[in-house]
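An overview of the molecular structure
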Amino acid sequence: MTLRLLLLATATALTCSSALAGRPMATEDAGVLEASACELESFIGANRPSGGPTERVLSVQIGCGVGAQSQFAVALARASAEGDSVRSMTLLGKTALTPNTEDTAPQFTLAWALSADSARGGMKHEGSALNAVMSWPLHEKVSLHFNVGWNHSASDKQSTTSWAGGVEHHVRDDLDLTAETFGNDREASPWVQVGLRWAVKPEKFYIDTSYGVQTGGERSKAVTLGLRWAF
């Protein structure tokens, strides 16, 4: 995967700042921040393609609820490998399509992203993404999340259909475990990933980590470490 494609894939996954799931999952969740509630989120990650150089990513994102069952965020990221680097800025948003009236009812959300990066010199528009999201709280400790998305690359002039599905288990008040799989129609081998989220201060400050492996012959590996502060 090129640095630009890595960065776009990372940026479009940054909409995971909400009440239901959030980092370290790559699978989006249907939760939306309440009006005036905000989150500051940052993570570092490393992706090791099979037979290729290690690619590193640093990302910082801030998002807030803006009312009308919607939230808006801005993310800045930098990807680097073998002395080369790409910077990006991404605008992200989510709007809930169903009211959160029942704890066990499926919830639906529409998420979007617009990104620009420096791969072609200067900050130029590169990607657009639209993601249909469903979250289903099966139990007070277990939730399922499913995504079907569309992504378009301006430089490659091609679109990609993506999918993701994951489960989140609330082990105890300060600890969540996650497992998921995700992929797209241009890669034959999907990813599988596990994660852990620790609430250092519940509902305020979190530390998380994830480890993923691409199945099939690719066998690429990715690891991330992140922080999240809700205010």
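Here, residues in each chain are numbered from 1, in the same order as that chain's written sequence. Two thresholds apply to this predicted model, a pLDDT of at least 70 for residue-level local features and 80 or more for giving and counting side-chain atom pairs, whereas whole-chain, interface and lining totals are computed over all residues. Excluding hydrogens and water, the side-chain figures rest on all heavy atoms present in the structure.

Within an unreviewed UniProt entry, the label attached to the protein reads Outer membrane protein beta-barrel domain-containing protein, and the organism entered is Ideonella paludis.

Elements are defined by DSSP. Helices are runs of H or I of four residues or more, strands are runs of E of two residues or more, and each kind is numbered from the N terminus. The helix and strand tally for the protein stands at one helix and twelve strands. Listing the helices and strands of the protein from first to last along the sequence gives α-β-β-β-β-β-β-β-β-β-β-β-β. A total of 231 residues make up the protein; the buried ones form 46% of that total. Areas reported here follow the Shrake-Rupley algorithm with a probe of radius 1.4 Å; residue values treat only the protein chains shown as occluding. As displayed, the protein has an accessible area near 11300 Å², and 61% of this comes from carbon and sulfur atoms. Note on exposure labels: buried denotes an accessible area under 20% of the residue type's maximum, exposed denotes more than 50%, and partly exposed covers the range between, all computed with a 1.4 Å probe on protein chains only.

The next thing to look at is the pattern of salt bridges. Salt bridges, as used here, are contacts in which a Lys or Arg side-chain nitrogen is within 4 Å of a carboxyl oxygen on Asp or Glu. A complete count under the given rule lists seven salt bridges for this structure. Taking the shortest distance from any N to any O, the salt bridge between Asp29 and Lys94 comes out at 3.7 Å. Placement of Asp29 in the loop between α1 (3–12) and β1 (38–48) and of Lys94 in strand β4 (residues 84–96) is noted, with a sequence separation of 65 residues between them. As far as burial versus exposure is concerned, Asp29 and Lys94 are alike and both buried. Across the pair Arg197 and Asp176 runs a salt bridge whose closest N-O atoms are separated by 2.7 Å. With a gap of 21 residues between them, Arg197 in strand β10 (residues 191–201) and Asp176 in strand β9 (residues 175–184) connect regions that are remote in the sequence. The burial state of Arg197 is the same as that of Asp176; both residues are buried. In the salt-bridge network here, residues are joined through shared partners; they are Glu28, Asp29 and Lys94.

With that settled, the discussion passes to the pairing of β4. Here a strand pair is declared whenever DSSP counts at least two bridges between the two strands. Looking at chain direction, strand β3 (residues 70–81) and β4 are connected through twelve bridges and run antiparallel. Considered in β4, the bridge of Val74 is made with Leu91. Where β3 folds back onto β4 in an antiparallel hairpin, the turn is made up of two residues, including Glu82, whose phi is positive at roughly 50 degrees. In terms of strand pairing, β4 meets strand β5 (residues 107–117) through nine bridges, oriented antiparallel. Its bridge partner being in β5, Lys94 is matched across the sheet by Ala111.

Further remarks concern the environment of Gln193. Secondary-structure assignment places Gln193 in strand β10. Expressed as a C-alpha distance, the spacing of Gln193 and Gln214, which sit 21 residues apart in the sequence, is 8.6 Å. The contact criterion used throughout is that any non-hydrogen atoms of two residues lie within 4.5 Å. Sequence-distant contacts of Gln193, that is, excluding residues within four places in its chain, are made with Pro24, Ala26, Thr178, Ala179, Glu180, Phe182, Ser210, Tyr211 and Gly212.

Next up on the list: the packing of aromatic side chains. The pairing test for Phe, Tyr and Trp rings, Trp by its six-membered ring, is centres within 6.5 Å, and the orientation test on the planes gives stacked under 30 degrees, edge-to-face over 60, and tilted for anything in between. By the definition in use, this model includes three aromatic pairs. Centroid distance Phe182 to Trp191: 6.3 Å. Interplanar angle 5 degrees. Geometry classified as stacked. Ring-over charges, as used throughout, are those where CZ of Arg or NZ of Lys falls within 6 Å of the ring centre and within 35 degrees of the ring normal. Note that Arg23 overlies the ring of Phe43, its terminal NZ or CZ placed 4.7 Å from the centroid. The ring of Tyr206 carries Arg228 above its face, with NZ or CZ at 4.3 Å from the centroid.

Take the confidence of the model for the protein next. As a per-residue measure, pLDDT reflects the predictor's confidence and takes values from 0 up to 100. Taken over all residues, the pLDDT of the protein has a mean of 86, while the share at 70 or more is 89%. Ranking the elements of the protein by mean pLDDT puts α1 last with 46 and β10 first with 96. Note that residues 1–5 has pLDDT below 50 and, in this model, 19 contacts with residues that lie over four places away or in other chains.

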